[in-house]
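# Summary of the model geometry
Residues per chain, in single letters:
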Amino acid sequence: MMVDEPRLRRAADKSTRQFSRLIRRSFEERKKVSRDTVNSLVLRWLASRPAAETSRHLPRLVDDLARRKGIQSAWNLLSFLEVALRLRRPRVGIYDHAFHYIGGAQKYGSTIAQTLQDDFEVTLLANKPVALADLQSWYGLDLSRCRLKVVPLPFFEEKGRHPQIVDAGEVDTCRDENPFHPVSRESGNFDIFINNGMLEMVYPLANTSLFICHFPERKKSRYFYVHRYTQIVHNSVYTASWIEKRWNLTPHKHIYPPVDMEPAAFPLKKENIILSVSRFDEGGNKQQLDMIRVFQDLVRSQPREMAGWKLVLVGGSPRHNPYLERIRAYLQRSAAEAIELKVNVPASELKSEYERAKIFWHFCGLGQTDPAKVEHFGMTVAEAMQNGCVPVVFRGGGQTEIVEDGLSGFLFSSEKELTDKTLGLLENPGRLEEMSGRAHESGREFRREVFTDKVRDYFQGLLASRFSE
Amino acid sequence: MKNIQQIESQIQKIKTALADERESVEDLETLIGQRIEAELWGLSKKELEKEAWDSFYILEKNKDCLEEEPIVSHRKLSGAVIVLYKRVLRALLRPYTKTILARQVRFNRELVRLHLANILRLEKIEERVVALETGTPTSRAEQG
């Protein structure tokens, strides 16, 4: 049964005694009264009635709420009042179980932290030790007004588990207790809790909670709580479509990741380079080896057009990487002079490669049937475009949202299509230059300023709508 | 808003009192005052089995609604009077409520039994399906 909200509102305006009686009865009778409704009604009552009256009834009301709906509800009501009455700045907690690793999703969360730190009290929540200074240097951010708190998870500290990885896939949902409850508890200390790590097993306790989804990696389980979040934020239309398919949930807000690889000046002096930038995935998911083979076939079949062109493969890799070893061995065997391999290069060198390259190749997703292995957004594609590299990338995932086929670059579905479109560009330098300009313009749509503006507007909107009557 | 400082100090006072109590609660479900229920749609077979048994044990535990919960009051002074009043009222109404609740208890028991029978029956059917799929012969007695 739903609570009679209009009656409660009238009571809040007219009579403390009646309001107090009605709202407490609504807790007792277990009527369907949402946390948001209780919060806004109490705020209305505090604003309407004399302080002498409200101060007498508030402790009893909070006490009743704690007994009937749990202590956290009472805590949330008081926190809500503090923010709504402007007694303090709202507290934001941004959780990511992989903050101790460099990654696109972690850059997303850290950039949100930087954007909000002046208007909110921002705390970054990690599971493994990491320093704010690390995050600042990895992503070129200023997080000086943020705090960092490490919430250890005993389950992942057990002997025999990987010391650095928090992998929800290791949890047996039928046998193990939910190991993420310490984070769920911590979420209750904030007015706005942001789950940036896509960990669907964290139950949010804050008044407002946001689930940032970079891709719905796992299927629903017994510990699935994404539907408990106030809103779901997604990084691309591709991700949104999979949230609907896999979880049957409709995401609320779309914000593309921040991409900040813009050169100081444009146009740039370009060289005959086809560039690829992506992690050397141990499973070979980014398909650099296929790229090398396609490039070599092109050189063999079109020696005149390909004369003077080289393929540069840049990417990060762990020290022992069998896939990278395979690439190295292959290059040695085939004596490929026009192919350069650059592993774990500093940011300045990466920038320089982007500035020099004319064309950008990205194979990730080609021939894949698993949607998680297709690029969910395609950060490096946007970085290349900001530098005027013409992207020739796989038609799938988030890449179709970044590249307008035939305008700011090309999309391909097969190796044949890739070689045809690349050759088309090499044979027509005028078109290449024209497309380079368009790619630069399109790439600018993903720059950090656009991201921070969207984040700021979104959170101001949340504050206005969620922390008022 | 009037007397904002007064409200602020009162909120702080209540929060301070609540903070210790909140810290002492270890269980998440106690903290939020409700059971954290899993959404059944989309769960795997193993997870659904676990959920079915969990729910069954809760039903089994609560089937006897004649069991009376203790009457308590959190109020300091008037609490004793309220408790006494409720106890007397409960004693006076017991003959009438018992008649109704006894029927409810019978109904609950049968329902719990029915659920258990269905869960066990389902398990037997699953075993048979697995046996048929793998080609393991099953006896007539097992099938029956």
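Criteria and cut-off values
Residues numbered from 1 in each chain as written. Chains lettered and ligands numbered in written order. Predicted model: local features only at pLDDT ≥ 70, side-chain atom pairs only at ≥ 80, totals over all residues. Helix = DSSP H or I, 4+ residues; strand = E, 2+ residues; numbered from the N terminus. Rg over C-alpha atoms; globule rule 2.2 N^0.38 Å. Buried ≥ 20, exposed ≤ 12 C-beta atoms within 10 Å, placed from the backbone. Contact = placed C-beta atoms within 7 Å. Expected span 1.5 Å × (residues − 1). Bend = angle between axes of the 7 residues up to and from the residue. Pairing = 2+ DSSP bridges. Right-handed = clockwise from strand over helix to strand, strands pointing away. Axes fitted to C-alpha atoms, helices over the stretch in contact; angles between N-to-C directions. Parallel < 35°, antiparallel > 145°, perpendicular 65-115°, else oblique. Left-handed = near helix turned anticlockwise from the far one by under 90°. Nonpolar A, V, L, I, M, F, W, Y, C, P; charged D, E, K, R; others polar. Core = buried A, V, L, I, M, F, W, Y, C linked by C-beta atoms within 7 Å. Domains from an automatic or database assignment.

### Overview of the overall build of chain B
Scanning chain B for helices and strands turns up 5 helices and 0 strands. For chain B, whose C-alpha radius of gyration is 25 Å, the value lies well above the compact-globule estimate of 15 Å for 144 residues. Across its three principal directions, the C-alpha atoms of chain B cover 80 × 45 × 25 Å. When the 144 residues of chain B are sorted by exposure, 6% land in the buried category. Residue pairs at least 24 apart in sequence account for 51% of intrachain contacts in chain B once pairs closer than 6 positions are excluded.

### Re helix α4 (residues 79-134) of chain B
Residues and elements named next belong to chain B. With 56 residues, α4 extends only 66 Å from end C-alpha to end C-alpha; this falls clearly short of the ideal 82 Å at 1.5 Å per step. Along α4, the sharpest kink reaches roughly 60 degrees, centred on R94 and followed within four residues by the proline P95. Of all the 56 residues making up α4, 0 are buried; the element is thus mostly uncovered. Trailing α4 by a residue or two, G135 shows a phi angle of about 80 degrees, which is positive.

### Focus: the pairing of strand β1 (residues 91-95) of chain A
Residues and elements named next belong to chain A. Summarising burial for β1: 4 of the 5 residues are buried, a large majority. Bridge analysis of β1 against strand β2 (residues 121-126) gives 5 bridges, and the strand direction is parallel. Note on β2: the bridge partner recorded for V92 is V122. For the segment spanning β1, helix α6 (residues 104-116) and β2, crossover handedness is right-handed. One ladder, built from 4 bridges, connects β1 with strand β4 (residues 192-195); its direction is parallel. Of the residues in β4, the one forming a bridge with I94 is I194.

### Regarding the packing of helix α3 (residues 35-48) of chain A against helix α5 (residues 71-84) of chain A
Residue and element names in this part refer to chain A. Packing of α3 against α5 brings their axes to within 10 Å, and their N-to-C directions diverge by 50 degrees. On the basis of their axis angle, the class for α3 and α5 is oblique. The way α3 lies across α5 gives a crossing that is right-handed. Here R35, V38, N39, V42, L43 and L46 of α3 lie close against α5, whose contacting residues are S73, N76, L77, F80, L81 and A84. Classifying every residue of the contact of α3 with α5 gives 8 nonpolar, 3 polar and 1 charged.

### Describing the nonpolar core
Residue and element names in this part refer to chain A. I94, I194, L275, F360, C389 and V392 are the most contacted members of the largest nonpolar core, which totals 134 residues. Counting residues per element, this core draws most heavily on α5, at 8 residues. With sequence-adjacent residues up to four places away left out, C389 is seen in contact with L275, Y354, A357, K358, I359, F360, A384 and A439.

### A word on the sheet that holds strand β6 (residues 231-234) of chain A
All names here are of chain A. Here 7 strands make up an open sheet; going across it, the order is β3-β2-β1-β4-β5-β6-β7 and the pairing parallel. Edge positions in the sheet fall to β3 (147-150) and β7 (253-254), since each of these pairs with one other strand and no more. Seen against the sheet, helix α10 (residues 237-247) touches β5 (208-213), β6 and β7 and runs at an angle of roughly 140 degrees to β6.

### What to know about the interface of chain B and chain A
In this complex, chain B contributes 30 residues to the contact, which on the side of chain A involves 37 residues. Listed by contribution, the elements that provide at least two residues to the side of chain B that touches chain A are α1 (4-24), α2 (28-32) and α3 (45-62) of chain B. Ranked by residue count, the leading element in the side of chain B that touches chain A is α1(B), at 11 residues. Residue composition of the side of chain B that touches chain A, by class: 13 nonpolar, 7 polar and 10 charged.

### Remarks on the sheet that holds strand β13 (residues 410-412) of chain A
Residues and elements named next belong to chain A. With parallel pairing, 6 strands are arranged side by side in an open sheet as β10-β9-β8-β11-β12-β13. Of all the strands in the sheet, the pair left with one neighbour each is β10 (339-343) and β13. Direction aside, neighbouring strands of the sheet carry axes that sit 20 degrees apart on average. Here helix α14 (residues 347-356) sits on the sheet in contact with β8 (273-277) and β9 (310-315), set at roughly 140 degrees to β8.

### Quick look at the packing of α3(B) against α4(B)
Residue and element names in this part refer to chain B. Where α3 contacts α4, the two axes come as close as 10 Å, and the packing angle between them is 160 degrees. Between α3 and α4, the crossing angle belongs to the class labelled roughly antiparallel. Two packed elements cross with a definite hand, and for α3 against α4 that hand is left-handed. For the pair α3 and α4, contact is made by A52, F56, L59 and E60 and by V112, H115, L116 and I119, respectively. Among the residues forming the contact of α3 with α4, the class breakdown is 6 nonpolar, 1 polar and 1 charged.

### Describing the domain arrangement of chain B
Domains assigned within chain B are domain 1 (1-36) and domain 2 (37-143). Domain 1 of chain B and domain 2 of chain B are separated by 33 Å when their C-alpha centres are compared.

### What about the domain arrangement of chain A?
All names here are of chain A. Segmentation of chain A into domains returns domain 1 (5-84), domain 2 (91-258 + 449-466) and domain 3 (273-446). Domain 2 and domain 3 are separated by 30 Å when their C-alpha centres are compared. In this assembly, 13 residues from domain 2 lie in contact with 10 residues from domain 3. The dominant element in the side of domain 2 that touches domain 3, judged by the number of residues it contributes, is α10, at 4 residues. Each residue belonging to the side of domain 2 that touches domain 3 can be placed in one class, and the counts come to 7 nonpolar, 5 polar and 1 charged.

### Overview of the environment of A:G103
Residue and element names in this part refer to chain A. Residue placement: G103 occurs in the loop between β1 and α6. Given 18 C-beta atoms within a 10 Å radius, G103 is considered partly exposed. Sequence separation of G103 and Y139 is 36 residues, and the distance between their C-alpha atoms is 9.3 Å.

### Some remarks on the pairing of β4(A)
All names here are of chain A. Here β4 shows no split at all, with I192 and I194 on one side and F193 and N195 on the other all buried. Both β4 and β5 contribute to a ladder of 4 bridges, which runs parallel. Residue N195 lies in a different strand from β5, and its bridge partner there is F211.

### Notes on unusual backbone geometry
Residue and element names in this part refer to chain A. With an omega dihedral of 5 degrees, the bond running from F266 to P267 counts as a cis peptide bond. Note that P267 resides in the loop between β7 and β8. Within the chain, R86 stands out as a residue other than glycine whose phi angle is a positive 60 degrees. Looking at the element boundaries, R86 is found in the loop between α5 and β1. What makes R86 exposed here is the crowd of 11 C-beta atoms within 10 Å. The phi torsion at Q287 lies on the positive side, around 60 degrees, for a residue other than glycine. Residue placement: Q287 occurs in the loop between β8 and α11 (288-301).

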